[in-house]
Amino acid sequence: MTKTAIAAELRRIGPALVLLQALLPVLPARALPAALPHTTTAETSDPAWFARDTIPFDLPAQPLHQALTRYAEQAGVQLFYRREQLPTQVSPLIRGQGSPRAVIAQLLADTGLDFRLGNNRTLVISAPLPGTADSASAIAPQETANPMRPLEETYVTGVRTSLRQSLATKYASENLVEITTAEDIGKFPDHNVADALQRIAGVSVDRVWGEGRDVNIRGTDKDINRTLLNGQHVASAYWWANDNLSRGFNYATLASQLVQSLEVHKTPRADLDEGSIGGTVIVRTRKPLDMESRALHLSAGQQYSALAGDWAPQGSALGSWKNDAQTFGLLASLNWQRRGSRRDGLETFADNNLYTITDDQGTVTDKVYAVWGGGSAMLEQERRHTTSNLTAQWAPDARWDLALNLLRSQMDIDNRNHNFLFSPGGYKLSETPAVTVTDPEYLTSDDGHKILAGGTLGNPDSVGAILDSIQRQAYIDTAVNDMDIRHRGERWENHVQFGHTSARGGTSHDRLYRFTGNSRVRFHLDRNILEAEYLDLDPQNPAALDHLSPLSRDWVRAMDSREHYAQWDLERDFGDGWLQHARFGLKYRNHRVENNLTVGEIDTESAAWQTLQNIGLDQVSGGLSPSLSDQSASADTLVRYALTDAALLQSVINPLFDDGAMRYRYDRSAYFSIREQSLAAYASIDFEAGAWAGNAGVRGVGTRQRASAYDRDQLHHADNRYRDLLPSVNLQYRMDEGLLARVGIAQVMARPNFKDLTPNIIVEPTSGYGAAGNPQLEPYRADQLDLALEWYFADASLLSATAFYKDISTFVYPHVNPEMIDGELHYITRPQNGPGATIRGLELQWQQGFSGNVGILSNYTYTDASVPSADGSRTLELPGNSRSQFNASLYFENPRLDARLSYNYRSRSYGEIIAGSQSETAAYQQWDATAQWRWSETLAFSAEAINLTDEVIRIHSAAGIPQGLYENGRRFAVGVKMEF
């Protein structure tokens, strides 16, 4: 049978057989033929636009891979090639008119590489097949004879160019990866990198704060997925009191202007860092030698938060320079943003305590869950965020490339919380004796206990209404110092990267001013309903809350994370055989996190407290709140109440705090420190034989941890060690010029979250319940399988389907067990390793550019993920998972106007277990839009609209207790961009 006949037969068999073949553990004994017969570019059948039509080109002398990227932009083609096949040389200067065929031939002259034109404006660059002419020299005589005319003005479409780049990278990659380029980020309505990531199949984003902050991948939580900056860990911290140090990444600290591309690696390679179950995100930043010399990009604008009624300025500047020889360059950028926002909420605060309920008929019900408190809340925030970046790059010749990258991010967040609350568990049911509950309403928790969901809490002479005014000055500071050195020889390539990253977040002050008033309370809780009536006081009368509570306090918290790292990679190029490359490497990481808390508490014995306790809300009130929760409120929801004034708090109460009413102490029970060292080594090969290609490798890593915490006044340490061997295989089969099948098989691991590793125990004195960590936890471990079919059927177009399966053999669960502490029995919640989870899913993608400058990008992900409960009695949903996700963006562009309308949908997602029931976030959808109008080559105007339909985030327990109904409101932005 001839090669052509074999290729035809393979095309007839179809995708199913190809996927089965890909599962074979070894390659065929003979290399398979190419899916299509080879044709040289010297043939005269090339279309006129490629072979004869001339267009302007401006390609400075630069490294060849950079020249090819610019060529693709200016010629309007998709380039498919493997980066490692390109020789280490500088391209010739090409400036003027020429045909795309003549220019690519000139770029590839003396490289030994071949090119051929495929369907849908795709151009494939590869080593020439035996017996074929060298296409780089096969230029038609009339083309080489014509001198290139002076360059004329040209326009390169932005969106399609970036999509071509993204798809070309995806097509050429050995593993399953999704790419979003800088142009994509600029055209999405996303100032935030996480919001850009959520447009990728399988990626979902937590938007509870109004914008993306945490990223989940394929149903797995943020804490078991990693984000890397230029291949390295970025230290991350948080500011909110309830946040803990995490292995996830806080995307709110990263300005999108810095980003060149985003990569989501869904199947691992041996040379990629371990630590992810769902996938690994790699953020690539810009480099000066990849940019125009003496370029300056400026932007300025205003962002409007509709709910807060606030206009806030923002601006950025990015400049690049390189010398005439293009061997040394500098890039500097500065991004500044101020944002004022407001979030309206209806909240409850659950705990795991059980209460005894006595109703008005004398009926006693034991072991009932009740919320600590709940009510109406308004959060006002002013955020100032500055990000700066300096990159120096030196490439003295085509063999050396050295880059120093310095990144600083500083975010200051001033928050003002105004929470008007009732408190069954915190006050009424904790009285001695507990109050009577008239007409109690109950729901049933998943663990069988009842939950108090309504009724009237008696006793008009005890605390029934609370105003918690929280004035919080928070911050997050992040730093990255990274050195990247690469040397290419004829056959060997060395890569060394080392650096340091640190982050510090927390609060310089987190002052709670609690005002109380006596009243009975009638309340009713249901899935999307939170109603409360204060029967003996008026919430709009500040005099009704006439006492400052001795439970007022201040928290000064610091969360620190820092890491030193060093990495060495060695690559051997084997040339034209089936073995393409071999890679070896080592990586060392030394990571440390630390949590510190200083607590300010009321000194009720101080003279200042005698004055302070008689200060009521009326002496520091700033009037009434606006009408709150317009979309979430029901008939008896409290929507307006008296507020504090920040200036009056400062002038009336704070001097008394300073005079001795508040005493500060270091809280040793909150301290913990985790030091984690890891050493990894890997070996892998890249192979290609006919239509088959891929890589296989193994990564071995040893982890050593020391967790430290105080037990009373003594600092205790606990050590743990474990090792992992992580093999991975990625296979791809090119069925046709644009049809590709992939298979990925791997073992992966993710380390437990830092908070779960601490050895301290904190016991709540009232209930006797406590929480503790477990420094002996084993990591999450999983086996995974991916099957994908990708069809690049047209220019900047893709149709694909991916099935994935993950078998997580070890998982971490909270267990509640009785433990003897100081001779007393306490119920302690402690994380333990337990039975694993299974994740099955399907991803579908469709993106296409239509005629008339219109295109669509869309994807759908289905994920079925479940875990057994800690006691094995029932099945729970995997935290972080949504069964269905859908994204779609419709774009339009011409030389003057770019516009994009985007839609995002995420079905119900799941969280932790509280009060016997799993937390659930209701399905959420959001519409965003962006437009940019080019006034000239150097000036453009932009407009954005975010959350057009003003969606509400709804969180409740599976039993039906509302936990948070949040309205963040719409946001709008207008701006001007200048490029020189």
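Predicted model, so just to flag it, every value in this text is computed and none were measured.

### A short note on the overall build of the protein chain
So, point 1. Along the backbone of the protein chain there are twelve helices and 52 strands.
So, point 2. Counting across all 980 residues of the protein chain, residues that qualify as buried make up 57%.
So, point 3. Pairs at least 24 residues apart make up 73% of the contacts formed inside the protein chain by residues separated by at least 6 positions.
So, point 4. Of the roughly 38,400 Å² of accessible surface on the protein chain, a fraction of 54% belongs to carbon and sulfur atoms.

### A few points about the sheet that holds strand β5 (residues 122–126)
So, point 1. Spatially, the three strands line up as an open sheet ordered β2-β5-β4, and their pairing is mixed. Edge positions in the sheet fall to β2 (78–80) and β4 (114–117), since each of these pairs with one other strand and no more. Each strand of the sheet is rotated relative to its neighbour by a mean of 20 degrees, with strand direction disregarded.
So, point 2. Across four bridges, β4 lies against β5 in antiparallel orientation. Counterpart to Leu117 in the pairing with β5 is Leu123.

### Here we look at the pairing of strand β22 (residues 463–488)
So, point 1. Most of β22 sits inside the fold, with 20 of its 26 residues counted as buried.
So, point 2. Sheet analysis places strand β19 (residues 400–422) next to β22, joined by 22 bridges and oriented antiparallel. When the bridges of β22 are listed, His418 appears paired with Ser469.
So, point 3. Of the strand pairs in this sheet, β22 and strand β23 (residues 492–518) are connected by 25 bridges, and their pairing is antiparallel.

### Regarding the packing of aromatic side chains
So, point 1. Taken as a whole and judged by the stated rule, the model has 18 aromatic pairs.
So, point 2. Plain terms: the ring middles of Trp372 and Tyr427 are 6.5 Å apart, the flat faces sit at 70 degrees to each other, and that makes the pair edge-to-face. Residue Trp372 is located in the loop between β17 (364–369) and β18 (373–394), and its partner Tyr427 is located in the loop between β19 and β20 (437–444); the two are separated by 55 residues in the primary sequence.
So, point 3. An angle of 25 degrees between the planes, with centres 6.4 Å apart, marks the rings of Trp933 and Phe941 as stacked.
So, point 4. Taking the relative accessible area as the measure of exposure, Trp933 reaches 40% and is therefore partly exposed.
So, point 5. For Phe941, a relative accessible area of 35% translates into the label partly exposed.
So, point 6. Through a chain of ring-to-ring contacts, three or more aromatic side chains come together here, namely Phe420, Tyr534 and Tyr641.
So, point 7. If you follow Arg343 out to its NZ or CZ, it ends over the ring of Tyr966, 3.9 Å from the centre.

### Some thoughts on a positive patch on the surface
So, point 1. A grouping of Arg675, Arg704, Arg721 and Arg723 is seen on the molecular surface, where their side chains present a positively charged patch.
So, point 2. One can find Arg723 in strand β34 (residues 714–736).

### Examining a nonpolar patch on the surface
So, point 1. Taken together, the side chains of Trp321, Phe328, Leu330, Leu390 and Trp394 define a hydrophobic patch exposed on the protein surface, amounting to about 430 Å² of accessible area.
So, point 2. When contributions to the nonpolar patch are tallied by element, the ones reaching two or more residues are β15 (328–349) and β18.
So, point 3. Assignment of secondary structure puts Phe328 in strand β15.

### Focus on the nonpolar core
So, point 1. In this structure, Phe420, Phe515, Tyr534 and Leu612 are the most contacted members of the largest nonpolar core, which totals 53 residues.
So, point 2. The element that contributes the greatest number of residues to this core is helix α11 (residues 646–661), accounting for five residues.
So, point 3. Counting 27 residues, the second largest nonpolar core, distinct from the first, contains Phe754, Leu757, Ala782 and Ala837.

### Observations concerning α11
The periodicity of an α-helix, 3.6 residues per turn, causes residues three or four positions apart to be oriented the same way.
So, point 1. In this model, α11 (16 residues) spans only 19 Å end to end at C-alpha, well below the 22 Å of a helix rising 1.5 Å per residue.
So, point 2. Among the residues of α11, the N-terminal cap falls to Asp645, whose side-chain oxygen and the backbone nitrogen of Ala647 are separated by 3.1 Å.

### Comments concerning the environment of Asp538
So, point 1. Tracing the chain through its elements places Asp538 in the loop between β25 (529–534) and β26 (547–548).
So, point 2. Once the C-alpha coordinates of Asp538 and Ser519 are considered, the two residues, 19 residues apart in sequence, prove to be 9.7 Å apart.
So, point 3. For Asp538, the side chain forms a polar contact with the main-chain nitrogen of Gln540, separated by 3.0 Å.

### Concerning a negative patch on the surface
So, point 1. On the surface, Asp360, Asp439, Glu441 and Asp526 cluster together to form a negatively charged patch.
So, point 2. Relative to the assigned elements, Asp526 resides in strand β24 (residues 521–526).
So, point 3. The exposure class of Asp526 is partly exposed, given its relative accessible area of 34%.

### With respect to the pattern of salt bridges
Opposite charge on two side chains permits them to pair, given that their charged atoms come into close proximity.
So, point 1. This structure, assessed with the given rule, holds 52 salt bridges.
So, point 2. Among the salt bridges present, the one from Glu594 reaches Arg592, with a minimum N-O distance of 3.4 Å.
So, point 3. By relative accessible area, Glu594 is classed as buried at 15%.
So, point 4. Across the salt bridge formed by Asp603 and Arg663, the nearest N and O atoms sit 3.2 Å from each other. You can see Asp603 sitting in the loop between β28 (579–602) and α10 (607–612) and its partner Arg663 sitting in strand β31 (residues 662–666), a full 60 residues away along the chain.

### Looking at the environment of Asp223
So, point 1. Tracing the chain through its elements places Asp223 in the loop between β8 (214–217) and β9 (226–229).
So, point 2. On the accessibility criterion, Asp223 (15% relative accessible area) is buried.
So, point 3. Along the primary structure Asp223 and Arg751 are separated by 528 residues, whereas in three dimensions their C-alpha atoms are 8.8 Å apart.
So, point 4. Setting aside chain neighbours within four positions, we find Asp223 in contact with Ser246, Arg247, Gly248, Arg751 and Asn753.
So, point 5. Among the polar contacts made by the side chain of Asp223, one reaches the side chain of Lys222 at a distance of 3.0 Å.

### What about the pairing of strand β12 (residues 280–285)?
So, point 1. Buried residues dominate β12, accounting for five of its six residues.
So, point 2. Where β9 and β12 come together, four bridges link them in parallel fashion. Residue pairing for β12: Leu229 is matched across the bridge by Val283.

### Some words on the sheet that holds β9
So, point 1. Here five strands make up an open sheet; going across it, the order is β6-β11-β12-β9-β10 and the pairing mixed. Each end of this open sheet is capped by a strand with a single partner; those strands are β6 (177–181) and β10 (232–233).

### Concerning the side chain of Thr348
So, point 1. Here Thr348 lies in strand β15.
So, point 2. On the accessibility criterion, Thr348 (7% relative accessible area) is buried.
So, point 3. A distance of 2.5 Å separates a polar side-chain atom of Thr348 from the backbone oxygen of Pro962.
So, point 4. Residues within four places of Thr348 in sequence aside, it is in contact with Val371, Gly373, Gly374, Leu525, Leu530, Ile961, Pro962 and Gln963.

### Side note on helix α4 (residues 64–75)
So, point 1. With twelve residues, α4 should reach 16 Å at 1.5 Å per residue; the first-to-last C-alpha distance of 16 Å fits that figure.
So, point 2. Counting buried residues along α4, nine of its twelve residues qualify, which places the element largely inside the surrounding structure.
So, point 3. Taken together, the buried positions of α4 are occupied by Leu64, Gln66, Ala67, Leu68, Arg70, Tyr71, Ala72, Gln74 and Ala75.
So, point 4. Looking at the packing, one finds that the buried side of α4 touches α3 (48–51), β1 (55–59), β2, α5 (100–107), β5 and β14 (310–322).
So, point 5. Just beyond α4, the residue with positive phi is Gly76, at close to 70 degrees.

### Some details on the packing of α4 against α5
So, point 1. Close contact between α4 and α5 brings their axes to 11 Å; oriented N to C, the two are set at 180 degrees. The orientation of α4 with respect to α5, classified from their angle, is roughly antiparallel. For the pair formed by α4 and α5, the contact residues are Leu64, Ala67, Leu68, Tyr71 and Ala75 on the first element and Pro100, Arg101, Val103, Ile104 and Leu107 on the second.
So, point 2. Among the residues forming the contact of α4 with α5, the class breakdown is nine nonpolar, no polar and one charged.

### Points about the confidence of the model for the protein chain
So, point 1. Taken as a whole, the protein chain shows an average pLDDT of 85; of its residues, 88% reach a score of 70 or greater.
So, point 2. Contacts of residues 129–157 to residues separated by more than four positions or lying in other chains number 59 contacts, the stretch itself having pLDDT below 50.
So, point 3. Across residues 184–189 the pLDDT falls below 50, and counting only partners more than four positions away or on other chains, this stretch makes 29 contacts in the model.

### Here's the deal with the environment of Leu176
So, point 1. Among the secondary structure elements, Leu176 is positioned in the loop between α7 (158–172) and β6.
So, point 2. For Leu176, a relative accessible area of 4% corresponds to the buried category.
So, point 3. For Leu176 and His265, which are 89 residues apart along the polypeptide, the C-alpha to C-alpha distance reads 6.2 Å.
So, point 4. For Leu176, the contacting residues outside a window of four places in its chain are Lys170, Arg218, Val264, His265, Lys266, Thr267, Asn730, Arg742, Asp786, Ala788, Glu790 and Thr802.

Definitions and limits used
- Residues numbered from 1 in each chain as written.
- Predicted model: local features only at pLDDT ≥ 70, side-chain atom pairs only at ≥ 80, totals over all residues.
- Heavy atoms only, no water.
- Helix = DSSP H or I, 4+ residues; strand = E, 2+ residues; numbered from the N terminus.
- Buried < 20%, exposed > 50% of the residue type's maximum accessible area, 1.4 Å probe, protein only.
- Contact = heavy atoms within 4.5 Å.
- Areas by Shrake-Rupley, 256 points an atom, 1.4 Å probe, with all protein chains shown as cover.
- Pairing = 2+ DSSP bridges.
- Axes fitted to C-alpha atoms, helices over the stretch in contact; angles between N-to-C directions.
- Phe/Tyr/Trp six-rings, centres within 6.5 Å; stacked < 30°, edge-to-face > 60°.
- Lys NZ or Arg CZ within 6 Å of the ring centre and 35° of its normal.
- Patch = residues over 30% accessible without salt bridge, like charges linked within 9 Å, V, L, I, M, F, W, Y side chains within 5 Å.
- Salt bridge = Lys/Arg side-chain N within 4 Å of Asp/Glu carboxyl O.
- Lys, Arg positive; Asp, Glu negative; His and termini not counted.
- Charge placed at Lys NZ, Arg CZ, Asp CG, Glu CD.
- Core = buried A, V, L, I, M, F, W, Y, C linked by side-chain atoms within 4.5 Å.
- Expected span 1.5 Å × (residues − 1).
- Polar contact = N/O pair within 3.5 Å; in protein donor to acceptor, adjacent residues only side chain to side chain.
- Parallel < 35°, antiparallel > 145°, perpendicular 65-115°, else oblique.
- Nonpolar A, V, L, I, M, F, W, Y, C, P; charged D, E, K, R; others polar.
- pLDDT = per-residue confidence, 0-100.

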